Amino acid sequence: MNNEHSCSSTSSLAHLPAELLLQHIRSVILEEMQGAAAASDYAALTASSQLEKLQLTRCGIAASAAEHMFAAGRLLPRLSSISIQSEFENPWFPTEDNDSDDEDDDSALVLGPGGAARLAACCPGLQSLGTLVVEADVTAADLLPLLQLTALTRLELGGHGCGDDVAQQVLSKMAGLVHLEVLYCPSLTPSGCAHLTSLTALTCLRLQHCRSFALDDGVSSDEDGDGPLSVVTFQSKVTPPDVWARLQQLSVVAAL
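Scope of this entry: the structure provided in the associated data block. (Residues numbered from 1 in each chain as written. Predicted model: local features only at pLDDT ≥ 70, side-chain atom pairs only at ≥ 80, totals over all residues. Heavy atoms only, no water.)

Some thoughts on the pattern of salt bridges
- If you walk through the whole model with that rule in mind, you get 4 salt bridges.
- In this structure, Arg-58 engages Glu-32 in a salt bridge whose closest nitrogen and oxygen atoms are separated by 2.6 Å. Taken together, the residues Arg-58 in the loop between strand E3 (53-57) and helix H1 (65-69) and Glu-32 in the loop between strand E2 (27-31) and E3 connect sequence positions 26 residues apart.
- Judged by relative accessible area, Arg-58 falls into the partly exposed class, the value being 25%.
- Residue classification places Glu-32 among the partly exposed residues on the basis of a relative accessible area of 26%.
- As a salt-bridge pair, Glu-156 and Arg-154 come within 3.0 Å of each other at their nearest N and O atoms.
- Looking at Glu-156, the relative accessible area reads 8%, which means it is buried.
- With relative accessibility at 30%, the residue Arg-154 sits in the partly exposed group. (Salt bridge = Lys/Arg side-chain N within 4 Å of Asp/Glu carboxyl O. Helix = DSSP H or I, 4+ residues; strand = E, 2+ residues; numbered from the N terminus. Buried < 20%, exposed > 50% of the residue type's maximum accessible area, 1.4 Å probe, protein only.)

Structure (structure tokens):
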């Protein structure tokens, strides 16, 4: 039996049912969980070694929660999907709709230095992973353990730590990716994006608010940096996928 715990509530993580601690839980789906909770409390979400799916939607997440959810020595061999989504278009940087500066009430999975190594060791069978926030002090070398996730086909990540070096040293080498979204990376340039043309299996590539391209053809950008940044989406409708070739064409034009 595929045991699943699903909860839609405005209560805090501290009030989650004790059943989450049972080792036979295979799917955890939580919505609208808000309120203060210690970072260590989030370890309960991944307490089951049988966990296959973790989905959090519009849930407050402590900034250091990942350190406890994917602690050193914890093994989740069946976990194939992690989906953490915010109700806000941009869950990381304050806007008029999301002007909170409280880092302990975020709605994304924040990776600090060493976070990718712990995640890869804990969940070697991941197939879908999002959304990750890469902090500014995380280097490309810190993210190299993501290459160990050889089953990964879908990845959503973003943040100030996702620059050209990450695109070149990490993302461009994830050959199994079919769906890639790179979100809110102001340091990602067309040169960095050009490295993604090595991902010939991609059927969907979305570069959202990255300041990567400033073209008139279906791409919007804000030069002063106070409004929406560029959004580029490629969806392949042919076999084999042509996303890499279309990105290559755009990169060449942007470099002129």
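Here's the deal with the side chain of Thr-197
- With respect to the element layout, Thr-197 can be found in the loop between helix H5 (190-194) and strand E9 (204-208).
- Here Thr-197 falls in the buried class, since its relative accessible area comes to 17%.
- Engagement of the side chain of Thr-197 in a polar contact is seen with the backbone oxygen of Ala-194, the distance being 2.7 Å.
- In contact with Thr-197, other than residues within four places in its own chain, are Trp-244, Leu-247 and Gln-248. (Polar contact = N/O pair within 3.5 Å; in protein donor to acceptor, adjacent residues only side chain to side chain. Contact = heavy atoms within 4.5 Å.)

Some words on the state of the cysteines
- Under the counting rule described, the total for this entry stands at 0 disulfides.
- Residue Cys-123 stays outside any disulfide, its sulfur separated by 3.9 Å from that of Cys-122, the closest cysteine.
- With no disulfide of its own, Cys-185 lies 4.3 Å from the sulfur of Cys-162, the closest cysteine sulfur.
- We classify Cys-185 as buried; its relative accessible area is 0%. (Disulfide = S-S within 2.5 Å.)

Describing the environment of Thr-203
- Along the chain, Thr-203 falls in the loop between H5 and E9.
- Taking the relative accessible area as the measure of exposure, Thr-203 reaches 27% and is therefore partly exposed.
- Sequence spacing of Thr-203 and Pro-240 is 37 residues, and the spatial spacing of their C-alpha atoms is 8.8 Å.
- Those residues in contact with Thr-203 that lie beyond four places of it in its chain are Val-178, Phe-234, Gln-235, Ser-236, Pro-241 and Val-243.

Side note on unusual backbone geometry
- In this structure, Thr-131 follows Gly-130 across a cis peptide bond, with omega equal to 0 degrees.
- Examined against the element boundaries, Thr-131 turns out to sit in strand E6 (residues 128-134).
- Here the amide bond leading from Thr-239 into Pro-240 is cis, since omega sits at -5 degrees, within 30 degrees of zero.
- Relative to the helices and strands, Pro-240 is located in the loop between strand E10 (231-235) and helix H6 (243-255).
- Its identity is not glycine, yet Arg-58 carries a phi of approximately 55 degrees, on the positive side.
- Its identity is not glycine, yet Tyr-184 carries a phi of approximately 55 degrees, on the positive side.
- Looking at where Tyr-184 falls in the secondary structure, it is placed in the loop between strand E8 (179-183) and H5.

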